[in-house]
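Descriptive analysis of the structure
What follows is each chain in one-letter form.
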Amino acid sequence: MTLLAALQRRPDAPRRRMPPATLIGSGLVLLTVLACVVMPDLLAPHPPDAVAPDAALLPPGHGHLLGTDELGRDLLSRIIHGSRLSVLVGAAATLLALVAGTLVGLVAGLFDGAVDAVLMRFVDIMLAFPALLLALGAIAVLGSSPTRLAIAVGVSNIATFARLVRGDVLRVRTRPYVMAATVSGVRPAGLLLRHVLPNIGGPALSLAVLGFGVAMLESSSLSFLGFGPRPPAADWGMLAAAGRANLAEAWWLSTFPGVAVAITVLATTALGRAAQDRLAVQ
Amino acid sequence: MTAEPLLRIRGLTVSYPAAGAEILTSVDLDAPAGTTVAVLGPSGSGKSTLVAAITGLLPPEARTGGEIWFDGLALHRMDEATRRRLRGRRIGTIPQDPAVALNPVLPIGVQVAEALLIHGLAGRAEAGRRAIGLLRSAGLPDPESVAARYPHELSGGMRQRALAAAALAAEPELILADEPTSAVDVVAQAGVLDDLAAVTTGTGRTLILVTHDVGLAIERAEWGVVMAAGRTVEAGPIRRLASAGEHPVTRSLMAAAPHLRTARLRPGSAALPPARAQGRQEKRGRPAELLRLDRVSRIYPPAHRADEPVPALDGVSAVVHRGETLGVVGESGAGKSTLAALALRLTTPTAGRVLFDGADLAGLRGAGMRAFRRRAQLVFQDPYAALDPQMRAGDAIAEPVRALRLTGRSERAARVREAADLVHLPVTLLRRRPRELSGGECQRVVLARAFVVRPDLLICDEPASALDAAVQAQILQLIVDVQAELGLGCLFISHDLGAVRQVADRVLVLRHGRTVEEGPAAETLEKPSHPYTVALVAAAPGRRNPPPPAVSPAATVPPGGIHP
Amino acid sequence: MRRPRPGDRSGIRWRMLRRRLYAAVPVLLGVVTVAFGIVHLIPGDPVQIMLGTGGAFVDPEREAALRQELRLDRPLPDQYLAFLAALFRGDLGQSLQTGEPVTALIAEAAGPSLALAGTALLLGLLLGAGGAVLGQLTGSRVLRAVLSRLPVLAMSLPAYWVATLLLQIFSFHLGLVPALGSTGPRATILPAVTLALPLAGVIAHVLGSGLRTAERESYVLMARAKGATRTRVLLRHMLRNTAVPVVTLTGTTVGSLLGGAVVAETIFGRPGLGRLIVNALQHHDYPVLQGIAAFLGVTMILISLLVDVLYTYLDPRVVSTAVWR
């Protein structure tokens, strides 16, 4: 809840123009990450699991831009190959939270009274648990695998999406133009399709962009703790965890995978905030 | 103006280089000590920026040029710390909207006393005592209790008085009042202005009254300065500006001033094709009853179960005939908007009946409801809010046609163009979204949306109050014209008596949800009988105005009004 | 019920809080139900999973005993009511691993976790609020720009990454603080910083953007028009108005501090609730998980009630006397 709620644009905030450099930089970062996801083999300088005992724990430098691990595997290549799992899990989790949360938020926002009250109590119950712990609970129930990790992270964020979308729906619903449409004879389904959805669609999508960053942070934390994919598959959280064994001798092993997460999250957050400023409910 | 004026502005410019905007291009102003100077102009002419430039409270991005002299001091060369010591102490400001100009989390007394504390004029206890005295002299009853309350616990008029008290606390010589009453009701407005007049006249204080309300300026000020698009275009004694203004902007502003003695507008200035106007002639032969509210009450459930329910309307009856306009006046909270919601069946009465063409609205379902939706239409106060920001003007106008399935797809475009024509909306604007249109253009779109279904009943909720005077006049004329053409019955809700006088045949005065007085518009507004109506009329700006110059607003103002 | 008079703020305050308390009851019940449901949502037989090492032989007697202890041999409504009754008595069952009462385990772990969370909260508030206020008051454009961008950066850093980085720098390279294990004040610094960073980011971001919004508000301009200095305007007028969303978020953040504690306690090898959770998860110790879920849910509800109380002091509009007319 916290991160996403904090990043969510407040309705009365002044519109701010983000420097173009920030936007272009963020776009480039995301394109690079996307390229890694799509064609890791083309971009990685070495095969990710090529073991080379004589090249173990090499510091960053020539030959190995980000160094090697205790088996002599190239860290950069492992990060490039790990991007696929990390990004896909984050994206799937966000999609789940977006779809389910928007549905709940829409229904709660459109129907007053009992439906809204009951749904919002459920949301309150989910929000009473910290997202990371909710996801841990889901993993306790589901077991761990990339798919289950995505489901767990997605489920843990449904409530936040639902609450924020409901707020937007209520804001749109009370606008005079919705009343004007009612007077024009537009029926409830028409109000939803022609006025409510187009006006909350933009904010919900920009929220999803922000949510992707939050989902990445959460899922990589769970991977780090060992509740994600199983080796030999390796996402960024697992790479950082693996580096802990050699923390004292090889700082690069746990540092760079975390940098990859941080940069990706920063880039999506910047784009998400720019989108929110542009698409906020008027 | 022989003596050195207290405030003298020469060639003032304000621009925002980053945004590439020049707000003020050349402003000159003289305010002789002890006088009231009205700064007039349409919205967007830079009036509020001028006030901020005088106080030195422009946003940091702003760049200024020119000279501002205050009592021999060069404000334009002064550093921030010195300037700050003038603010509140020698230059007081009464801001525009009392709803947001008071800090919501601090008690009123603290905010009134603040200037005294800041400038070291009193200790904490002494300042608190003086705040109560200030609130009393600002005309607030029971000032001790008001001082302990928070802004949200006061009415708009009380907040405005509290703000005036706060601005006057340190007895500044120059008072800048930026649209001080545009957000309060007429009765409260008159009271606040009377109090302001009392502190300025005879005390040697100077008041700069910034307003778009010409009637108010003529009534309250000696001097007038007219601004348009960031520059002063004319200045002089306000009466001369009113009767013999030279600049076109001055003339159009003065012509559009609401005036209680102006007669009801006649249809025809829009030059309708005679054939179309005649087509409806027979309907106007004998006025038939269209809408009847029969002793309706609407009680809203209380916010909390233990409280008593609040009646918004209490046993009000009203009738609207075909081709006729019923004006509904009253202050905010009088129940005007509830009346509109009932007449449109956006809500149902808790007692009484609403009859449309003889049929009770409560029983309407399905097809009957859709037929009613076609025949009764609504025009809102704020045209921007009434249009979906995502929807193009043409689609917005087409919406009722589509929703009510009045015509096939092919005919729809023709209907939209016809409605746009009717309200003089250029067809080229139909592809634009609301934010790409001016306020006047938006209101035309809203009107076209209402007219496209060829309704029988039009309900206007403050249709022009968010617009500039000149645009306001055009919109009112438009409503009158279309009403004549379509033979519409119209329920016209407004707190602006001048506007009601211009369009209404009969008037209904509401107060606290009850009918106070009802009768023909001319009689009721010129010779009101109920004491409340008397007070309302007396408070309306423009009652002492000179008759407007004989220029039709439509002749001087380009369609769409004046934009910066 | 007595109708409060206008100006009777404390009467309205208590009335409002009573209403919040009533509203919290279904949520409380829901939270407890979620905790109860953890065991029942597990696909397959929970007892097999708890005891099982994957198809290995399971002592039928032990299995029956566990089934009885978890009341899994009884019908579901019975189980639920018994669970509620036990919970009401403060009995959360026994750990499957050690047989210790879950309440004792939680009580033992809560101490270090609270110390950590408390330190982090204090640090986060100081850093976050300090940064936001400094950013508002400073005349330097550069500092202002930097301070307005730092919060999002702080929020975007993964906690495990910050923790490992801090360990490398301060323990391994500089040797200033012990790397692992102990719970002394010096060993609390690094995990507290880890948790405080994103929290400070959240607070600085919300407070900072709130202050930037407030800057344009009419009441702020009015205060300046009275001659108030920038500092006075900030302290007297803007801060309290901006505090409400900050308090809300700080309230919910206490929860995510406990979430973050899972990571921090694992990396720094500290005992605490986070470690307890991870350990219970790894060993399928469901009674412990149930207990922690119930404990955390109830704690969060109490915190949100506390936030509601704070509101009534921060924003007089919450205890509106106007609605009574």
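Residues numbered from 1 in each chain as written. Chains lettered and ligands numbered in written order. Predicted model: local features only at pLDDT ≥ 70, side-chain atom pairs only at ≥ 80, totals over all residues. Heavy atoms only, no water.

Across its full length, chain B carries 22 helices and 20 strands. The 564 residues of chain B split such that 57% are buried. Counted over contacts in chain B with a minimum sequence separation of 6, partners at least 24 positions apart contribute 72%. Of the roughly 22,100 Å² of accessible surface on chain B, 52% is carried by carbon and sulfur atoms. (Helix = DSSP H or I, 4+ residues; strand = E, 2+ residues; numbered from the N terminus. Buried < 20%, exposed > 50% of the residue type's maximum accessible area, 1.4 Å probe, protein only. Contact = heavy atoms within 4.5 Å. Areas by Shrake-Rupley, 256 points an atom, 1.4 Å probe, with all protein chains shown as cover.)

Across its full length, chain C holds twelve helices and zero strands. When the 325 residues of chain C are sorted by exposure, 52% land in the buried category. Restricting to contacts in chain C with at least 6 residues of sequence separation, those with at least 24 account for 70%. Carbon and sulfur atoms form 66% of the exposed surface of chain C, whose accessible area is close to 14,600 Å².

Attention now moves to the environment of Q390 of chain B. Mapping Q390 of chain B onto the fold places it in the loop between β16 (376-379) and α15 (393-403). Separated by 332 residues in sequence, Q390 of chain B and L58 of chain B place their C-alpha atoms 33 Å apart.

If you check the domain split of chain C, you get domain 1 (10-88) and domain 2 (109-282). Relative placement of domain 1 of chain C and domain 2 of chain C: their C-alpha centres are 34 Å apart. (Domains from an automatic or database assignment.)

Before going further, it helps to examine the UniProt feature "transmembrane region" (unreviewed entry) in chain C. With numbering aligned to this structure, UniProt lists the feature "transmembrane region" (unreviewed entry) at residues 21-42, 114-134, 146-169, 189-208, 242-268 and 288-311 of chain C. Its end C-alpha atoms 36 Å apart, residues 242-268 of chain C is made of 100% helix and 0% strand. (UniProt positions renumbered as here; feature names shortened; annotations may be inferred.)

The domain architecture assigned to chain B consists of domain 1 (1-88 + 206-256) and domain 2 (274-302 + 309-539). Using C-alpha coordinates to define each centre, domain 1 of chain B is positioned 38 Å away from domain 2 of chain B.

By size, the foremost hydrophobic cluster in this structure holds 156 residues, and its most contacted members are L136, L222 and W236 of chain A together with Y160, I267, L276 and I277 of chain C. Among the elements that take part in this core, helix α10 (residues 230-268) of chain C stands out by supplying 16 residues, more than any other. Two domains each donate at least three residues to this core, and these are domain 1 (10-88) and domain 2 (109-282) of chain C. Not counting residues within four places of it along the chain, the set of residues in contact with I277 of chain C comprises L133 and L136 of chain A together with V262, L289 and I292 of chain C. (Core = buried A, V, L, I, M, F, W, Y, C linked by side-chain atoms within 4.5 Å.)

Its location among the elements puts D315 of chain C in the segment after α12 (286-314). Between the C-alpha atom of D315 of chain C and that of L122 of chain C, which follows or precedes it by 193 residues, the distance is 23 Å.

As a further point, take the interface of chain C and chain A. The partner chain A presents 45 residues to the 53 residues of chain C that form the contact. Summing both sides of the interface, chain C and chain A together bury roughly 4,200 Å²; the carbon and sulfur share of this comes to 75%. The interface formed by chain C and chain A holds zero salt bridges in total. At the junction of chain C and chain A, the tally comes to five residue pairs in polar contact (both at pLDDT 80 or more). (Buried area = accessible area lost by both parts, 1.4 Å probe. Salt bridge = Lys/Arg side-chain N within 4 Å of Asp/Glu carboxyl O. Polar contact = N/O pair within 3.5 Å; in protein donor to acceptor, adjacent residues only side chain to side chain.)

This part takes up a nonpolar patch on the surface. Residue and element names in this part refer to chain A. Together, I24, L28, L31, L34, V38, M39, L42 and L43 give the surface a local cluster of nonpolar side chains, amounting to about 810 Å² of exposed area. When residues of the nonpolar patch are traced back to their parent elements, those giving at least two are α2 (20-38) and α3 (40-43). Sort the elements by how many residues they give to the nonpolar patch and α2 lands first, with five residues. Relative to the elements of secondary structure, L43 occurs in helix α3. A residue is classified by how much of its surface remains accessible, and L43, at 38% relative accessible area, is partly exposed. (Patch = residues over 30% accessible without salt bridge, like charges linked within 9 Å, V, L, I, M, F, W, Y side chains within 5 Å.)

Residue and element names in this part refer to chain B. By the secondary structure assignment, R205 is in the loop between α8 (186-200) and β8 (206-211). No salt bridge is formed by the buried R205; the nearest opposite charge belongs to E171, separated by 4.6 Å. Among the polar contacts made by the side chain of R205, one reaches the main-chain carbonyl oxygen of P172 at a distance of 3.4 Å. (Lys, Arg positive; Asp, Glu negative; His and termini not counted.)

Our next topic: the confidence of the model for chain B. Detailed conclusions should not be drawn from predicted coordinates in areas where pLDDT is low. Residue and element names in this part refer to chain B. On average, residues of chain B score 81 in pLDDT, and 85% of them reach the 70 mark or higher. Helix α4 (residues 108-118) holds the highest mean pLDDT among the elements of chain B, 93, whereas helix α22 (residues 553-556) holds the lowest, 38. Ignoring residues within four places in sequence, the model shows residues 270-284, a span with pLDDT below 50, making eleven contacts including any to other chains. Here residues 546-564 is modelled with pLDDT under 50, and outside its nearest four sequence neighbours on either side it reaches 31 contacts, counting other chains as well. (pLDDT = per-residue confidence, 0-100.)

Bringing the pattern of salt bridges into the picture now. All names here are of chain B. Tallying each qualifying case throughout the model produces 32 salt bridges over all chains. Note that D314 is salt-bridged to R514, the shortest N-O span being 2.9 Å. You can see D314 sitting in strand β12 (residues 310-321) and its partner R514 sitting in strand β20 (residues 514-520), a full 200 residues away along the chain. Judged by its relative accessible area of 28%, D314 falls in the partly exposed class. Where salt bridges share partners, they join R322, D357, R375 and D456 into one cluster.

Residue and element names in this part refer to chain C. Per-residue confidence for chain C gives a mean pLDDT of 81; residues scoring 70 or more make up 88%. Segment residues 1-6: pLDDT under 50, and 13 contacts once partners within four positions in sequence are set aside and those in other chains are kept. When the criterion is pLDDT under 50, residues 321-325 qualifies, and its contacts beyond four places in sequence or with other chains add up to 18 contacts. Taken together, the chains of this predicted complex give a pTM of 0.82 and an interface ipTM of 0.87.

What follows concerns the side chain of E234 of chain B. All names here are of chain B. With respect to the element layout, E234 can be found in strand β10 (residues 231-237). Here E234 sits buried without a salt bridge, and the closest side chain of opposite charge, R240, lies 4.1 Å off (N-O distance). One polar contact links the side chain of E234 to the main-chain amide nitrogen of H247, over a distance of 2.9 Å.

Turning next to the packing of helix α5 (residues 102-137) of chain C against helix α11 (residues 273-282) of chain C. For any two helices packed against each other, one specifies the crossing angle of their axes together with the interaxial distance. All names here are of chain C. Interhelical geometry of α5 versus α11 gives an angle of 135° and a closest axis separation of 7 Å. Taken together, the axes of α5 and α11 lie oblique to each other. Across the interface between the two elements, L105, I106, A109, A110 and S113 of α5 pack against L273, G274 and L276 of α11. Classifying every residue of the contact of α5 with α11 gives six nonpolar, two polar and no charged. (Axes fitted to C-alpha atoms, helices over the stretch in contact; angles between N-to-C directions. Parallel < 35°, antiparallel > 145°, perpendicular 65-115°, else oblique. Nonpolar A, V, L, I, M, F, W, Y, C, P; charged D, E, K, R; others polar.)

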